[in-house]
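Here is how the chains run, residue by residue.
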Amino acid sequence: MLISTLAVVITLLLMTTVFYRILQSQIIEDLKIYANVLAQGDILESLQYNPGDLSKDNMRITVIGADGSVLYDSDADVETMDNHLDRPEVKDALEYGEGYCVRQSSTMKMNTFYYTILLQDRSILRVARESHSIWSILYQSLPVFLITLIALPIVCLLLSRYLTKSLVSPIEQMAADMDHIEEANVYEELVPFAETIKEQHDAILSNANMRQEFTANVSHELKTPLAAISGYSELIENGMASGPDVVRFAAGIHQSANRLLTLINDIIQLSELDVMKEEEPFEEVNLYELARDSVEMLQIRAEERDVILTMEGNPCLIQGNKQMIEELIYNLCDNAICYNNIGGSVRVSVGSEADKVILRVQDTGIGIPKESQERIFERFYRVDKSRSKSTGGTGLGLAIVKHIVAVHGAQISLVSEVGKGTDITVTFDSKR
Ligand code: ADP
């Protein structure tokens, strides 16, 4: 409203000035033509005999002698008029041959325009007419101006109300029902915003669901070993176990407690990876050395299961976190040993290819069915629950692996066939 009011005022002032200037130059131009026509022949004589009715045209004609005395005037008595030599238009005519001047009339409303021309006998012909002053033009346009000034804010008010409403109402609609954002009647410019909000909303929801599911899974996983510990210890407490039984029950308690520890360790590790910042300090690590150490550490476990574990490759440097990389290699090798057949083999290799470093763990184990290959990276997902549990698996190993791979900006891929074996490769950027 302020802007439109200002615009109206400024326009009025500018237009009035412009129009007034045009009017002024038009009047002067008219006077000039008129004077030039009159200047043909002996004016003084013709005027005195036939002055005509000039007043209806608002015209006034004066003839001034070279000494400034008024020789003829169509309006006033020559006798009463003073010397005109000091009038600017007269001075100009004497000096330059013509002159003009605008003076205020008796009232503010009118201006008088004078034009003078020097005649051959050095007397001066002056024509004048009255016209509206700039104030009177302003005054005349005042009603239109006032109407505009009142109407404009009203139009502004109605329009801005309508606009604001149509801008805000889809947003309100979205805020009111976050679950059905796509149903809100949004305009084009709001679509990217609505989409982002929807994505974020969905992400939050699915995140919340995942957490809830994870908590439920964790509780469930913790329950079994705890129930076993509780049961065994109750039997011992009640004196219902004889000597050899006590040893057996104690072993059961020990095993369940270990299982709890493993589970909790994995959970802690996962939640640490969850909150980890992107810019964790990375160091230069030799993937080959780390793999060789893990293989050495797992040799006994492999022998226990009659699995042949071998290692090949050459030193390759990557940028990473040593502990995490160790964990990743250990988890992959441990799976390859656990989900293997008696007499099977596991081959670990590290090598570079162009600007990539590749870690590969191949086994001749039981393989993973097609429909499970995507899901084994989920938390607590196992293809065969009982087999996983019997080997001390938690179902979290590959979830941890996936996280570590993501943190390192690496890629993991899996090829597996049931009954033949599994081949997992992790591709890192090599250190430049
Ligand atoms: P777990 O602790 O049960 O080993 P993981 O997350 O490491 O959990 O693995 C998830 C599931 O993927 C395992 O339970 C197993 O069924 C399957 N799996 C993982 N690695 C292999 C492999 N090398 N061969 C066959 N199956 C595997």
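Throughout what follows, the structure given in this document is the object of discussion.

## Quick word on the overall build of the protein
Tallying secondary structure elements over the protein gives 10 helices and 12 strands in all. Oriented by its inertia axes, the alpha-carbon framework of the protein measures out at about 155 × 55 × 35 Å. Here the analysis covers contacts within the protein between residues at least 6 apart in sequence; of these, 61% occur between residues at least 24 apart. As displayed, the protein offers around 26,200 Å² of accessible surface, 57% of which is attributable to carbon and sulfur atoms. Charge centroids of the protein, computed over 37 positive and 62 negative side chains, lie 5 Å from each other.

## Description of the site of the ligand
Residues in contact with the ligand amount to 18 residues; listed here are only the nearest, Asn-335, Tyr-339, Ser-388, Thr-394 and Leu-398. Within the side chain of Asp-363, a nitrogen or oxygen atom sits 2.9 Å from a nitrogen atom of the ligand. Between an oxygen atom of the ligand and a main-chain N or O atom of Gly-397, the distance comes to 3.4 Å. Out of a free accessible area of 530 Å², the ligand has 96% covered by protein chains. Those elements giving two or more residues to the shell around the ligand turn out to be helix H8 (322-338) and helix H10 (397-407).

## Here we look at the sheet that holds strand E12 (residues 421-429)
Pairing is mixed in the open sheet, where five strands are placed in the order E7-E9-E10-E12-E11. With partners counted over all chains shown, the strands left at the sheet margins are strand E7 (308-313) and strand E11 (411-417), one partner each. Sheet twist, expressed as the mean angle between neighbouring strand axes with direction ignored, is 10°. In the sheet, E11 pairs with E12 via seven bridges, with the strands oriented antiparallel. By the bridge assignment for E12, Glu-417 is matched with Gly-421. Sheet strands in contact with helix H7 (residues 287-304) are E7, strand E9 (345-353), strand E10 (356-363) and E12, and its direction is about 170° off that of E7. Packing of H8 onto the sheet brings it into contact with E7, E9, E10 and E12, and relative to E10 it is tilted by some 25°.

## Observations concerning H10
Of the residues making up H10, those classed as buried are Gly-397, Leu-398, Ala-399, Ile-400, Val-401, Ile-404 and Val-405. Close packing links the buried residues of H10 with helix H6 (243-275), H8, E11 and E12. Gly-409, located one to two residues past H10, shows a positive phi value of around 65°.

Cut-offs and rules
Residues numbered from 1 in each chain as written. Predicted model: local features only at pLDDT ≥ 70, side-chain atom pairs only at ≥ 80, totals over all residues. Heavy atoms only, no water. Helix = DSSP H or I, 4+ residues; strand = E, 2+ residues; numbered from the N terminus. Contact = heavy atoms within 4.5 Å. Areas by Shrake-Rupley, 256 points an atom, 1.4 Å probe, with all protein chains shown as cover. Lys, Arg positive; Asp, Glu negative; His and termini not counted. Charge placed at Lys NZ, Arg CZ, Asp CG, Glu CD. Near = heavy atom within 4 Å. Polar contact = N/O pair within 3.5 Å; in protein donor to acceptor, adjacent residues only side chain to side chain. Pairing = 2+ DSSP bridges. Axes fitted to C-alpha atoms, helices over the stretch in contact; angles between N-to-C directions. Buried < 20%, exposed > 50% of the residue type's maximum accessible area, 1.4 Å probe, protein only.

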